Amino acid sequence: MDSIVSLKSMGKVFHTKNGDVKALDDINLDINRGEIFGIIGLSGAGKSTLVRCINYLEVPTEGDVYFEGKPLKNMGEYGIRSVRRNMGMIFQQFNLLSQRNILNNVCFPLEISGVPRAAAVKRAKELLKLVGLSDREKAYPAQLSGGQKQRVAIARAIATNPKLLLCDEATSALDPKTTKQILDLIKDINKNMGITVIVITHEMKVIESICDRVAIIENSRIAEMGRVEDIFANPQSEIGKKLILGDVLPNKEIVSGVKLRIEFDGRSSFEPVLSNMILSCGIPVNILYAQTKDIGGSAVGHMIVQISGEEEAVKAKRYLDSIGVVYHEVELTEGKELID
Ligand SMILES: Nc1ncnc2c1ncn2[C@@H]1O[C@H](COP(=O)(O)OP(=O)(O)O)[C@@H](O)[C@H]1O
Ligand SMILES: [Mg+2]
């Protein structure tokens, strides 16, 4: 298989005043030309560091990155810059230039690489058409919705015809409908322009909807890797099971005990709620299903948890009552009831 990027025994240690932080450890990956490759993991797993190492915004402290077979180490400033021109990048926070209108945001990377103004404007207009924003070229970033900003960021990222598009949590700030539109656009760009895509996310549904293969990263290491359908059908690692079974419908046999559907309305953040609930009932609480979104530290959405004892469930309910979180007891005889 023709790989466009290879990571060989790559590691990254940050030296901080509070000691060393190992963000990546012994990462080995081959990204095939033309594929959409997903990297998933919980917050702090090392995902952003990994993607920043791919374009050498962070320099690995061990091993190396190979782009089209060539190691980036010892390539020198000039070589790294030419590799970076082949890698577009988009982010959760869009990172548009607020002082420039949309057209000039897309022109920016073209200006940097020395394209004459008239040609840059022509190219930028084509790209804005491609992402469906031809009518907004004079608008400024602040006047656009999140989805529109991400479209501009995509147009800007592919302006110089990169071979690779790196997406770091590109849909994490967007609602589900806009997420789907942006993922569809990324998929189109992959198929129609032949751009290889690396998608970093903490959301399984992003992996499921566009990726061909996925690597699951936990505590700085790759826990497992493979074709998305294989990993979904049969996750091997604990983290894989957690990420996948946390998002799909549970099997009948594991759904015993008391099931509570907890609603998060944005007034609380779900980690403390969950850990206090576990503390108050004194036994593990199993998350069967979660459809929550973290917006600036507060949770929105709902979660279904399973508590194995009646007595413990009473305590958990008492705790939820005390903090004013809405919940309902649910019966799960069939997985279908989880979807509403
Ligand atoms: N510049 C940095 N200096 C020190 N530590 C860092 C730096 N960047 C990331 N880290 C640490 O590396 C680990 C991985 O972070 P990151 O790659 O941002 O994870 P993720 O994107 O999966 O949430 C975390 O422990 C984080 O605190
Ligand atoms: Mg990150």
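Now for a description of the structure that goes with this document. (Residues numbered from 1 in each chain as written. Chains lettered and ligands numbered in written order. Predicted model: local features only at pLDDT ≥ 70, side-chain atom pairs only at ≥ 80, totals over all residues. Heavy atoms only, no water.)

## A word on the sheet that holds strand β5 (residues 70-71)
Within a sheet, each strand pairs with its neighbour through backbone hydrogen bonds, oriented either parallel or antiparallel.
Phase 1 of the analysis: Pairing in this open sheet of four strands is antiparallel, and the strands run β2-β1-β4-β5 from one edge to the other. Looking along the sheet, the strands with just one partner apiece sit at the ends: β2 (19-32) and β5.
Phase 2 of the analysis: Here strand β1 (residues 3-16) runs beside β2; their pairing, made up of ten bridges, is antiparallel. Its bridge partner lying in β2, S6 is registered against D30.
Phase 3 of the analysis: The sheet contacts of helix α1 (residues 47-54) involve β1, β2 and β4 (62-67), and relative to β1 the element is tilted by about 120 degrees. (Pairing = 2+ DSSP bridges. Helix = DSSP H or I, 4+ residues; strand = E, 2+ residues; numbered from the N terminus. Contact = heavy atoms within 4.5 Å. Axes fitted to C-alpha atoms, helices over the stretch in contact; angles between N-to-C directions.)

## Observations concerning the site of ligand 1
Phase 1 of the analysis: What surrounds ligand 1 is the set F14, T16, V21, A23, L42, S43, G44, A45, G46, K47, S48 and T49.
Phase 2 of the analysis: Residue G46 places a main-chain N or O atom 3.0 Å away from an oxygen atom belonging to ligand 1.
Phase 3 of the analysis: Look at ligand 1: alone it shows 560 Å² of surface, and the protein chains cover 61% of it.
Phase 4 of the analysis: When residues of the shell around ligand 1 are traced back to their parent elements, those giving at least two are β1, β2 and α1.
Phase 5 of the analysis: Counting residues per element, the shell around ligand 1 draws most heavily on α1, which supplies three residues.
Phase 6 of the analysis: A class-by-class count of the residues in the shell around ligand 1 yields five nonpolar, six polar and one charged. (Near = heavy atom within 4 Å. Polar contact = N/O pair within 3.5 Å; in protein donor to acceptor, adjacent residues only side chain to side chain. Areas by Shrake-Rupley, 256 points an atom, 1.4 Å probe, with all protein chains shown as cover. Nonpolar A, V, L, I, M, F, W, Y, C, P; charged D, E, K, R; others polar.)

## Notes on the packing of helix α5 (residues 146-157) against helix α6 (residues 176-193)
Phase 1 of the analysis: Two elements in contact, α5 and α6, have axes whose closest approach is 10 Å; the angle formed by their N-to-C orientations is 15 degrees. Considering the angle they form, α5 stands roughly parallel to α6. The handedness of the crossing between α5 and α6 comes out as right-handed. The segment α5 lies against α6, with G147, Q150, R151 and I154 engaging T178, Q181, I182, L185, I186 and I189.
Phase 2 of the analysis: For the contact of α5 with α6, the residue count by class is five nonpolar, four polar and one charged. (Parallel < 35°, antiparallel > 145°, perpendicular 65-115°, else oblique. Left-handed = near helix turned anticlockwise from the far one by under 90°.)

## Overview of the environment of T16
Phase 1 of the analysis: Along the polypeptide, T16 turns up in strand β1.
Phase 2 of the analysis: Side-chain polar atoms of T16 contact the backbone oxygen of G19, separated by 2.6 Å.

## Here's the deal with the pattern of salt bridges
Any two side chains of opposite charge can pair if their charged atoms end up close together.
Phase 1 of the analysis: Within the structure shown, the criterion is met by 18 salt bridges.
Phase 2 of the analysis: The residue D2 makes a salt bridge to R33 at a minimum N-O spacing of 2.6 Å. Highlighted residues: D2 in the segment before β1 and R33 in the loop between β2 and β3 (36-40), separated in sequence by 31 residues.
Phase 3 of the analysis: Residue class for D2 comes out partly exposed when judged on its relative accessible area of 42%.
Phase 4 of the analysis: Its salt-bridge partner being D25, residue R221 comes within 2.6 Å of it at the nearest N-O pair. You can see R221 sitting in strand β10 (residues 221-227) and its partner D25 sitting in strand β2, a full 196 residues away along the chain.
Phase 5 of the analysis: Given the relative accessible area of 18%, D25 is considered buried.
Phase 6 of the analysis: Several salt bridges converge on common partners, so that one network encompasses D2, R33, E68 and K163. (Salt bridge = Lys/Arg side-chain N within 4 Å of Asp/Glu carboxyl O. Buried < 20%, exposed > 50% of the residue type's maximum accessible area, 1.4 Å probe, protein only.)

## Notes on the sheet that holds β10
Phase 1 of the analysis: The six strands are arranged β6-β7-β8-β3-β9-β10 in an open sheet whose pairing can be described as mixed. The open sheet has two free edges, formed respectively by β6 (87-91) and β10, since each of these has just one partner strand. Between one strand and the next, the sheet's axes are offset by a mean angle of 15 degrees, whatever the strand orientation.
Phase 2 of the analysis: Alignment of β3 against strand β9 (residues 213-218), held across four bridges, turns out to be parallel.

## Observations regarding the nonpolar core
If you look at soluble globular proteins, the nonpolar side chains tend to sit buried side by side.
Phase 1 of the analysis: In terms of nonpolar packing, the biggest core is built from 51 residues, with I90, V106, I154 and I186 touching the most fellow members.
Phase 2 of the analysis: Grouped together as the second largest cluster of nonpolar side chains are 29 residues, L24, I27, A45 and I217 included. (Core = buried A, V, L, I, M, F, W, Y, C linked by side-chain atoms within 4.5 Å.)

## Regarding the packing of helix α3 (residues 102-112) against α5
Phase 1 of the analysis: Their axes nearest at 8 Å, the elements α3 and α5 cross at an angle of 30 degrees. When the axis of α3 is compared with that of α5, the two are roughly parallel. Judged by the twist between their axes, the crossing of α3 over α5 is right-handed. Residues I102, N105, V106 and P109 of α3 form the contact with α5, whose own contacting residues are V152, A155 and R156.
Phase 2 of the analysis: For the contact of α3 with α5, the residue count by class is five nonpolar, one polar and one charged.

## Side note on α1
Phase 1 of the analysis: In terms of burial, α1 is largely enclosed, as six of its eight residues are buried.
Phase 2 of the analysis: Y56 occupies a position one or two residues after α1 and carries a positive phi of about 65 degrees.

## What about the environment of N286?
Phase 1 of the analysis: With respect to the secondary-structure elements, N286 resides in strand β12 (residues 286-295).
Phase 2 of the analysis: When the C-alpha positions of N286 and I304 are compared, they lie 8.5 Å apart, and in sequence the two are 18 residues distant.

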